[in-house]
Amino acid sequence: VEVSAEILKVLRLRAEESLGGELVGAVVTVPAYFDDAQRQATKDAATLAGLNVLRLLNEPTAAAIAYGLDNAAEGTYAVYDLGGGTFDFSVLRLTKGVFEVLATSGDAALGGDDFDHRLFCWVLEKAKLPPLNESDTSLMIAKAREVKEYLSHHAEARFNAKLSTGEVIDLPVTQGEFWQMTQHLVTKTLNPSKKALRDASLEPCDVKGVVMVGGATRMPHVQRAVGKLFGQEPLNNLDPDKVVALGAAMQA
């Protein structure tokens, strides 16, 4: 709670500085699977940070609000949230302007970092590198992340890195190769998604819209897999890193 409060305090000061005045209140978002104790702890942290909490809002609900789904016709929506280190999938029902979370599922140990790591391992194999020291490993993983992001918009990238031993790595990586080596990770997100649908007694065709949240959803093969599962294009025209914050701001 104290650590959370320190983070929230810095955010409060930044907000007051950029908005030019005292912050009267804030909407704070939490994962949909948080239990009452975790929600209370979040509230306590915000109070410690000097924030007046107007409301705790579920992250998938916030994302749906950002897309204006609360003004849309009533129905069932899914939120696919693939962040840096975690994956969450939620099914929401909208009735009379109110969202109800029907089911949640996910994988607390799966995220964009795993895609970086997979590419890093592929380069190690390709370049036949010996085990690396800590700083070279950090450098290579940071490079893998850059290449991954570049491949979301380009057909080919070069993996360039100079190791502390003086060895230079320069490998071409195509979009197709990257998609192939990480396809199993994308598949790993679809199982919890299907489980949440089963828990809510729904079929993919019952879902009216799918909202994409989290930076890792920028990868085209992730978008495609989700589109294929639900038989429709997912909603992805808002910045997936900011969509939850936008919804929270609208609610505030």
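Residues numbered from 1 in each chain as written. Predicted model: local features only at pLDDT ≥ 70, side-chain atom pairs only at ≥ 80, totals over all residues. Heavy atoms only, no water.

### Digging into the overall build of the protein
(1) Moving on: Within the protein, the regular secondary structure consists of eight helices and eight strands.
(2) Moving on: Judged by the C-alpha coordinates and their principal axes, the protein covers about 60 × 45 × 30 Å.
(3) Moving on: Put simply, the protein has 252 residues, and 44% of those count as buried.
(4) Moving on: Considering only contacts within the protein whose residues lie at least 6 apart along the sequence, 64% involve residues at least 24 apart.
(5) Moving on: With an accessible surface of roughly 13100 Å², the protein has 52% of that area assigned to carbon and sulfur atoms.
(6) Moving on: Charged side chains in the protein number 25 positive and 33 negative. The centres of these two groups are separated by 4 Å. (Helix = DSSP H or I, 4+ residues; strand = E, 2+ residues; numbered from the N terminus. Buried < 20%, exposed > 50% of the residue type's maximum accessible area, 1.4 Å probe, protein only. Contact = heavy atoms within 4.5 Å. Areas by Shrake-Rupley, 256 points an atom, 1.4 Å probe, with all protein chains shown as cover. Lys, Arg positive; Asp, Glu negative; His and termini not counted. Charge placed at Lys NZ, Arg CZ, Asp CG, Glu CD.)

### Examining the nonpolar core
As a rule of thumb, nonpolar side chains are buried together in soluble globular proteins.
(1) Moving on: In terms of nonpolar packing, the biggest core is built from 45 residues, with Y80, M140, F159, F178 and F230 touching the most fellow members.
(2) Moving on: At eight residues, the largest contribution of residues to this core is made by helix α6 (residues 175-199).
(3) Moving on: Residues in contact with F178, not counting those within four places in the same chain, are F115, L119, K148, L151, V173, M219 and H221.
(4) Moving on: The next biggest cluster of nonpolar side chains, apart from the first, holds 19 residues, and it includes V27, L57, A64 and F99. (Core = buried A, V, L, I, M, F, W, Y, C linked by side-chain atoms within 4.5 Å.)

### Here's the deal with unusual backbone geometry
(1) Moving on: One non-glycine residue, K128, lies in positive phi territory at about 50°.
(2) Moving on: For K128, a relative accessible area of 71% gives the class exposed.
(3) Moving on: For S201, which is not glycine, the phi dihedral falls at a positive 55°.
(4) Moving on: On the secondary structure map, S201 appears in the loop between α6 and β8 (209-213).

### Quick notes on helix α1 (residues 2-19)
(1) Moving on: If you check α1, its first and last C-alpha atoms are 25 Å apart, about what 18 residues at 1.5 Å a residue would give, namely 26 Å.
(2) Moving on: Where α1 is buried, its residues contact α2 (36-48).
(3) Moving on: Downstream of α1 by one or two residues, G20 has phi in the positive range, about 70°. (Expected span 1.5 Å × (residues − 1).)

### Let's talk about the sheet that holds strand β4 (residues 87-95)
(1) Moving on: The four strands lie next to each other as β5-β4-β3-β8, forming an open sheet whose pairing is mixed. Only two strands of the sheet have a single neighbouring strand rather than two, namely β5 (98-107) and β8. Recorded for the sheet is a direction-independent mean angle of 20° between the axes of neighbouring strands.
(2) Moving on: The pairing of strand β3 (residues 75-82) with β8 spans five bridges and is parallel. Note on β8: the bridge partner recorded for Y77 is G209.
(3) Moving on: Packing of α6 onto the sheet brings it into contact with β3, β4 and β5, and relative to β5 it is tilted by some 140°. (Pairing = 2+ DSSP bridges. Axes fitted to C-alpha atoms, helices over the stretch in contact; angles between N-to-C directions.)

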